[in-house]
Amino acid sequence: MGKKPTRVTVNGKSHARLVEARLTLADFLRHELALTGTHLGCEHGVCGACTVLVDGRSTRSCLMFAVQANGCEVTTVEGLAPDGKLSVLQQAFMDNHGLQCGFCTPGMLITLTELLREKPDPSEQQVREALTGNLCRCTGYAGIVAAALDAAQRLRGASGA
Amino acid sequence: MKPAPFDYHAPRQLKEAAQLLARLPNAKILAGGQSLVPMMNFRYVMVDHLVDLNGVDDLSGIGVGDGRLRVGAMTRQRDIETAPEVARHCPLLAEALRHVGHRQTRNRGTIGGSLAHADPAAELPAVCAAYDATIHVASVRGVRQVPFADFCTGFMATVLQADEMIVAIDLPLWRQGHGHGFREFARRQGDFALAGAAALLDIGGDGAVRRAAIALFGVAASPLRAYAAEARLVGQPLDAAAIRAAATAPWLAEPLSDIHASAEYRRHLGQVLSVRALTDAARNAGVEVPNIV
Ligand code: FES
Ligand code: FES
């Protein structure tokens, strides 16, 4: 059971590694690349804390192996603020009390990034439906939903819509 | 919460995949991984070899022809959910998919994986039951076609042999203008359903039912076709009384019972959800019926 090569582009940067096949993409990001913004809450696909974009689609990184991401483009929460400046969605989380401990936040941000890209004007119901795959133990979700709707409005304003 | 070590194989061609499955002991197929990988992380499942079908050509795609919708086994659930030909020809399938897991799991999860896993609470097997789908199964011995009625053999068990893989699913098309309904009850959106019902109705110009299919899930070890209820509907004018009578036909003898719901509660849910799915199907076929439950 030798190691396998994998080459993954993460937040625009290509990384090649030899890894055990059983290494999940989440552990690859955290342990091989030291990108610890991607969190692991359950490691069996329930909590959504580990959500990243794989080729632009929200994916649970605890349910995918790093060898499967060979040739893929991955975006993690670190990729949302590449120059250290908060994205519009991140700023909206801050302004609307969308986080307390922050454990669930990376997954929430990634899931909502995908939603807002596809639906620039989501209803509250659509936001809540998108968030069913992300659990939060702290906020009661109200602040997160408010942040998503606020961010959508700010982004629409910015694009002149 | 880390899987036990295994050897990883990523075939590019179907033939190669079939040969690997025939040759390797204690091997499993990796499709979307949304059910298998959790079980591997828990070490409920420990394999020596994982054969990843994600890189195999020609296993995904959606096509319409010869009176059926054909879906490749590795087609992602999200791609089926949003495909225009599915919305047009098999709206029941698109509707059911909105209830399958969450957006993040549908982005990776596949139709073939869901059928092979055969969870009693899963939506896709119920849709296949309602449509009388044909499952195309491949191995080194060739491709065989299995009617969905013969596919499930018990609780999370199917006719698939260890070296076989699903390659495609055919859903026979219903007449344009047919109605569909899909209802399930889960404690939260995306949770496993306690019970659910899928319904298809073809209603003639005279208002009489020409064809009906009702499939229940979450109530038995595998999806249950309500043949007795269907037989009651066919040939009759569709109204509230007919729907009510169909949904109370005695086809739910011994529903599952577990910590989530008692048998009695599941029987109740099965009836209520059948009524609602049939009501939706009637309305989608252009027949107005009042709300019953
Ligand atoms: S850690 Fe991946 S879903 Fe919880
Ligand atoms: S902010 Fe603490 S889990 Fe969501």
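Owing to the predicted nature of the structure, the values given are computational and were not obtained by experimental measurement.

When its secondary structure is counted, chain A shows five helices and five strands. The N-to-C order of helical and strand elements in chain A reads β-β-α-β-β-β-α-α-α-α. At 16 Å, chain A has a C-alpha radius of gyration in line with the 15 Å of a compact globule built from 161 residues. Dimensions of chain A along its principal axes, counting C-alpha atoms only, are 50 × 35 × 25 Å. When contacts within chain A are restricted to residue pairs at least 6 apart in sequence, those whose partners lie at least 24 apart make up 57%. Roughly 7200 Å² of accessible area belongs to chain A as shown, and the carbon and sulfur atoms make up 51% of that amount. Here chain A holds 16 positive side-chain charges and 15 negative ones, and the gap between their average locations is 4 Å.

The subject of this paragraph is the domain arrangement of chain B. Where the parts come together, the accessible area they lose is often given as the size of the interface. Parsing chain B into structural domains produces domain 1 (7-52), domain 2 (60-172) and domain 3 (179-284). Using C-alpha coordinates to define each centre, domain 1 of chain B is positioned 36 Å away from domain 3 of chain B.

Phi angles above zero are rare outside glycine, and A:Tyr141 is one such case at about 75°. Within the secondary structure, A:Tyr141 is located in the loop between α4 (124-130) and α5 (142-158). Within the chain, B:Asn26 stands out as a residue other than glycine whose phi angle is a positive 45°.

To continue, consider the pattern of salt bridges. Side chains that differ in charge, positive against negative, can pair when their charged atoms come close. Summed over the entire model, instances satisfying the criterion amount to 29 salt bridges over all chains. In this structure, A:Arg22 and A:Glu20 form a salt bridge, with 2.9 Å as the shortest nitrogen-oxygen distance. Accessibility expressed as a relative area gives 33% for A:Glu20, which makes it partly exposed. Here B:Lys2 ties to A:Glu43 by a salt bridge, and the two come within 2.6 Å at their closest N and O atoms. Linking B:Lys2 in the segment before β1 (7-9) with A:Glu43 in the loop between α1 (25-32) and β3 (51-54), this pair reaches from one chain into another. A residue is classified by how much of its surface remains accessible, and A:Glu43, at 16% relative accessible area, is buried.

A few words on the sheet that holds β1(B). Residue and element names in this part refer to chain B. Read across the open sheet, the three strands follow the order β1-β3-β2; overall the sheet is parallel. This sheet does not close on itself; its edge strands, each paired only once, are β1 and β2 (27-30). Looking at each pair of strands side by side, their axes are set apart by 25° on average, direction ignored.

Reading guide: rules and limits
Residues numbered from 1 in each chain as written. Chains lettered and ligands numbered in written order. Predicted model: local features only at pLDDT ≥ 70, side-chain atom pairs only at ≥ 80, totals over all residues. Heavy atoms only, no water. Helix = DSSP H or I, 4+ residues; strand = E, 2+ residues; numbered from the N terminus. Rg over C-alpha atoms; globule rule 2.2 N^0.38 Å. Contact = heavy atoms within 4.5 Å. Areas by Shrake-Rupley, 256 points an atom, 1.4 Å probe, with all protein chains shown as cover. Lys, Arg positive; Asp, Glu negative; His and termini not counted. Charge placed at Lys NZ, Arg CZ, Asp CG, Glu CD. Domains from an automatic or database assignment. Salt bridge = Lys/Arg side-chain N within 4 Å of Asp/Glu carboxyl O. Buried < 20%, exposed > 50% of the residue type's maximum accessible area, 1.4 Å probe, protein only. Pairing = 2+ DSSP bridges. Axes fitted to C-alpha atoms, helices over the stretch in contact; angles between N-to-C directions.

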